[in-house]
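Residue strings, one per chain:
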Amino acid sequence: MSNLVTIFGGSGFLGRYIASRMARQGWRVRVAVRRPNEALFTRTYGGVGQVEPVLANIRDEESTRKAIKGAKVVINCVGILLEDRRQKFQSVQVQGAERIARLSSIEGVERLVHISAIGANTNSESISARTKGEGESSVLKAFPTAVILRPSIVFGVEDGFFNRFAAMSRISPVLPLIGADTSFQPVYVDDVALAALSAALGEVPNGIYELGGPDIETFRKLIERMLKVVRRKKLIINQPMIAAKILSYNLDMLQIISFNIFKNFIVTRDQVKQLALDNIVTNNVGTFVDFEITPQSMDAILESYLYSYRPYGQYTSIHESAGDN
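None of these values were measured; they are calculated from a predicted model. (Residues numbered from 1 in each chain as written. Predicted model: local features only at pLDDT ≥ 70, side-chain atom pairs only at ≥ 80, totals over all residues. Heavy atoms only, no water.)

(A) A look at the packing of aromatic side chains. Tallied over the full model, the rule gives 10 aromatic pairs. Considering the side-chain rings of Phe165 and Phe219, the 5.6 Å spacing of their centres and the 85° angle between planes classify their relative orientation as edge-to-face. Of the two residues, Phe165 sits in helix α5 (residues 162-171) while Phe219 sits in helix α7 (residues 219-230), which places them 54 residues apart along the sequence. Put simply, the rings of Phe155, Phe161, Phe162, Phe165, Phe184, Tyr188 and Phe219 touch in pairs and so form one group of aromatic residues. (Phe/Tyr/Trp six-rings, centres within 6.5 Å; stacked < 30°, edge-to-face > 60°. Helix = DSSP H or I, 4+ residues; strand = E, 2+ residues; numbered from the N terminus.)

Below is the structure:
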């Protein structure tokens, strides 16, 4: 186990899958996170001492350098969906990404894999998408041979997409959607991790790759699919964009005037901008085909974890069967 990989955000949703795959390949894995004590579970991914959480904050030069030092490969999984007093899109997705790439180059890292997102665009009206694009540019400037992966919405056991709406379906008779006709191409988290592993091993040329699953569906169709899996009937309402903009503005303002005591986890102005645009593979860059990976469908995965949201949980099928007799 002489090869060392540093994974920034290695205990997060995607990062933990990448860490697990790298460990199974025999690598020593350094899980670089802000709170190592909350990442101790990653130690179980390998043998004794093979996977080790370390303190690192990509907004801090010295801790980032220490986390990179000695690594052969660096993978950056850090990104944010919402801003708070400390974590800003600019400081995390641009400056932090640049810092990792620059220090990786200085420390002699052989390969750098940067996780971005479909929709990353330096000209985007969305701050998140724009800073993702600026981050990509900064990474390639500092580390020209980096591999950049742009997944669509990522789903899996710990996801914040299907789980969120499935939880809402338990208590609400109505599911309001913003951008119900916007198209998405959900991709299974472990398929993205497999692509990251392949990039880390140098099995694909440097460049940008967009990763989407085999199914392209509108937001409404995705929620209808989820409701079918959880065996619930709910009214789906498409909120007009003007109403969504007003709502998100008021919620954002409430967070500001409360000095972040109130956290806007409902919908932000930036999210409304993103929900107006399709989130699918453009075919202008690399795809899963270049990795020789066949991505798994939602049908193959969703039931394995959404069953818990059914009216009778794991016993729903038995209850349905008994009701038919």
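(B) Quick peek at a positive patch on the surface. A cluster of basic residues, Arg34, Arg35, Arg85, Arg86, Lys88 and Lys263, forms a positive patch at the surface. Mapped onto the elements of the fold, Lys88 is located in the loop between β4 (73-76) and α3 (89-106). Judged by its relative accessible area of 35%, Lys88 falls in the partly exposed class. (Patch = residues over 30% accessible without salt bridge, like charges linked within 9 Å, V, L, I, M, F, W, Y side chains within 5 Å. Areas by Shrake-Rupley, 256 points an atom, 1.4 Å probe, with all protein chains shown as cover. Salt bridge = Lys/Arg side-chain N within 4 Å of Asp/Glu carboxyl O. Lys, Arg positive; Asp, Glu negative; His and termini not counted. Charge placed at Lys NZ, Arg CZ, Asp CG, Glu CD. Buried < 20%, exposed > 50% of the residue type's maximum accessible area, 1.4 Å probe, protein only.)

(C) Examining the packing of α3 against helix α4 (residues 127-142) more closely. Orientation of α3 relative to α4, taken along the N-to-C sense of each, is 15°, at an axis distance of 8 Å. In terms of orientation, α3 and α4 fall into the roughly parallel class. Here the hand of the crossing between α3 and α4 comes out right-handed. Seen from α3, the contacting residues are Phe89, Gln90, Gln93, Val94, Ala97, Glu98, Ala101, Arg102 and Ser105; seen from α4, they are Ile127, Ser128, Thr131, Lys132, Glu134, Gly135, Ser138, Val139 and Ala142. (Axes fitted to C-alpha atoms, helices over the stretch in contact; angles between N-to-C directions. Parallel < 35°, antiparallel > 145°, perpendicular 65-115°, else oblique. Left-handed = near helix turned anticlockwise from the far one by under 90°. Contact = heavy atoms within 4.5 Å.)

(D) Region of interest: the packing of helix α1 (residues 13-24) against helix α6 (residues 189-200). Where α1 contacts α6, the two axes come as close as 9 Å, and the packing angle between them is 50°. For the element pair α1 / α6, the angle class is oblique. Regarding α1 and α6, the two cross each other, and that crossing is right-handed. Contacts between α1 and α6 involve Phe13, Leu14, Tyr17, Ile18, Arg21 and Met22 on the former and, on the latter, Val189, Asp190, Val192, Ala193, Leu194, Ala196, Leu197 and Ala200. Considered class by class, the residues forming the contact of α1 with α6 number 12 nonpolar, no polar and 2 charged. (Nonpolar A, V, L, I, M, F, W, Y, C, P; charged D, E, K, R; others polar.)

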